Amino acid sequence: MQTIAYAAILAVIAPISIMTWLAFTGDRAGLRNIQANLGRRPAAAGSALSTSGQFAALSLKITPKGYTVWLDKQLAGAGRPKDWPLGRVIMVKPLLALAGAVMGVFLVAGSPTAVNVVLMLGVTALAYFVPDILIRNNAQKRREKIKLELPDTLDQMLISVQAGLGFETAMARAGQNGTGPLADELIRTLQDIQVGRSRKDAYLAMAQRVDVADLRSFVRAVVQADAYGIAIANVLNSQAKDMRVKRRQRAEEHAMKMPVKMLFPLIFTILPTLFIVLLGPTVLSILEVFSHR
């Protein structure tokens with residue numbers, strides 16, 4: 001019996017340990033690409049791919065293309081955290097599913113019922129999609145921050161343009177003075193322009209990465225102004241006004257939704273407790289009277 005317990009513990013700990021080691025090891029593929037671009041080869045050329053790199057490549061091959069594109073889009077919306085590139089995320093997902101499946105197998109082995117089998121499948125699926133949930137949640141929070149920062153950033157750019165600076169210089173000033181995700185996106189867009197990308201493509205790429213409706217509207221206005229020779233100060237002025245109005249409307253919308261959101265906690269948590277406190281003594285007194293009769 002003790003041997004079985006040790007084997008069960010080892011079967012749970014071993015996949016988690018391997019998963020953690022593979023997830024937090026360095027990005028060997030990026031290092032190899034840098035060395036290849038510099039014309040240098042590592043000493044051990046025979047081991048071109050590490051174990052984690054091979055597993056990541058295999059995971060990319062067996063993952064559906066559409067799902068990989070969707071996950072890459074979510075990572076772009078989350079700001080592409082450097083510690084969690086697309087290959088590493090896809091590599092970790094089956095390992096998490098394996099750990100969940102092992103836990104489910106031991107649960108079914110202890111009590112082989114239909115409920116436990118369904119629970120095992122649910123835990124395995126949940127473990128596989130946990131990275132997707134976390135990435136999507138971070139991407140959504142980042143988009144909300146960009147929505148809130150956009151009106152103030154446009155005001156800063158408008159002031160800079162009216163003071164005589166160019167549009168890209170005003171964008172650089174707003175990116176350097178800002179600290180949020182929108183400032184990072186502005187700096188990255190300027191870097192794309194500096195390496196030779198056209199301004200239109202760089203602006204459209206920023207709108208596609210961020211995937212925020214307000215920013216897409218602003219990018220379209222800037223692209224049209226650049227194409228037709230419209231004064232950028234007028235575009236910034238009108239866009240800043242529209243963004244402030246939209247931000248105020250969203251705040252009013254959230255305020256109007258609060259009574260509805262508070263209704264269900266009020267009905268299911270606060271009112272029953274209040275009824276128990278107020279009517280409890282009365283009900284006990286009535287029961288006592290009827291019990292004596």
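Analysis parameters
- Residues numbered from 1 in each chain as written.
- Predicted model: local features only at pLDDT ≥ 70, side-chain atom pairs only at ≥ 80, totals over all residues.
- Heavy atoms only, no water.
- Salt bridge = Lys/Arg side-chain N within 4 Å of Asp/Glu carboxyl O.
- Helix = DSSP H or I, 4+ residues; strand = E, 2+ residues; numbered from the N terminus.
- pLDDT = per-residue confidence, 0-100.
- Contact = heavy atoms within 4.5 Å.
- Phe/Tyr/Trp six-rings, centres within 6.5 Å; stacked < 30°, edge-to-face > 60°.
- Buried < 20%, exposed > 50% of the residue type's maximum accessible area, 1.4 Å probe, protein only.
- Lys NZ or Arg CZ within 6 Å of the ring centre and 35° of its normal.
- Axes fitted to C-alpha atoms, helices over the stretch in contact; angles between N-to-C directions.
- Parallel < 35°, antiparallel > 145°, perpendicular 65-115°, else oblique.
- Left-handed = near helix turned anticlockwise from the far one by under 90°.
- Nonpolar A, V, L, I, M, F, W, Y, C, P; charged D, E, K, R; others polar.
- Core = buried A, V, L, I, M, F, W, Y, C linked by side-chain atoms within 4.5 Å.

Q: Mind laying out the pattern of salt bridges, listing which residues take part and the relevant values?
A: Applying the stated criterion across every chain yields a total of 16 salt bridges. Note that lysine 246 and aspartate 214 form a salt bridge whose closest N and O atoms lie 3.6 Å from each other. Remark: aspartate 214 occurs in helix α10 (residues 213-228) and lysine 246 occurs in helix α11 (residues 232-292); sequence separation between them is 32 residues. Linked by salt bridges that have partners in common, Arg142, Glu185, Asp192, Arg197 and Arg209 make up one network.

Q: Can you break down the confidence of the model for the protein chain residue by residue, with the values?
A: The pLDDT averaged across the protein chain works out to 80; a share of 79% of its residues lies at or above 70. At the low end of the mean pLDDT range in the protein chain sits helix α1 (residues 2-24), at 54; at the high end sits helix α8 (residues 181-194), at 91. The low-confidence segment residues 40-49, where pLDDT is below 50, has six contacts with residues more than four positions distant or belonging to other chains.

Q: Please provide a residue-by-residue account of the packing of aromatic side chains, values included.
A: With the rule as written, the count across this model stands at three aromatic pairs. An angle of 90 degrees between the planes, with centres 5.1 Å apart, marks the rings of tyrosine 128 and phenylalanine 129 as edge-to-face. Their ring planes at 90 degrees and their centres at 6.0 Å tell us that phenylalanine 167 and tyrosine 203 sit as a pair that is edge-to-face. Of the two residues, phenylalanine 167 sits in helix α7 (residues 167-177) while tyrosine 203 sits in helix α9 (residues 199-210), which places them 36 residues apart along the sequence. This pair shows no difference in class: phenylalanine 167 is buried, exactly as tyrosine 203 is. Taking the ring centre of tyrosine 128 as reference, the NZ or CZ of lysine 93 above it sits at 3.9 Å.

Q: Break down the packing of helix α6 (residues 114-162) against α11 for me, with residues and values.
A: Describing two packed helices takes the angle between their axes plus the distance from one axis to the other. The contact between α6 and α11 brings their axes to 9 Å, and the two run at 155 degrees. Looking at the two axes, α6 sits roughly antiparallel to α11. In this structure, the crossing between α6 and α11 has a hand that is left-handed. Contacts from Lys147, Leu148, Leu150, Pro151, Asp152, Leu154, Asp155, Met157, Leu158 and Val161 in α6 reach Ile232, Ala233, Leu236, Asn237, Gln239, Ala240, Met243, Arg244, Arg247 and Arg250 in α11. Across the contact of α6 with α11, the residue classes tally to 12 nonpolar, two polar and six charged.

Q: So what's going on with the packing of α8 against α9? Which residues, and what values?
A: Interhelical geometry of α8 versus α9 gives an angle of 145 degrees and a closest axis separation of 9 Å. Our pair here, α8 against α9, has a crossing hand that is right-handed. Contacts from Glu185, Leu186, Arg188, Thr189, Asp192 and Ile193 of α8 reach α9 at Arg199, Ala202, Tyr203, Met206, Arg209 and Val210. Across the contact of α8 with α9, the residue classes break down as six nonpolar, one polar and five charged.

Q: Can you tell me about the nonpolar core, naming the residues and giving the values?
A: With 29 residues, the main nonpolar core has Met157 and Phe218 as its most contacted residues. Of all the secondary-structure elements, those providing two or more residues to this core are α6, α7, α8, α9, α10 and α11. Here this core takes six residues from α6, the largest share from any one element. In contact with phenylalanine 218, not counting residues within four places along its chain, are Leu154, Met157, Phe167, Leu236, Gln239 and Met243. Core analysis: the next-biggest nonpolar cluster, separate from the first, contains six residues, Leu75, Val89, Ile90 and Ile135 among them.

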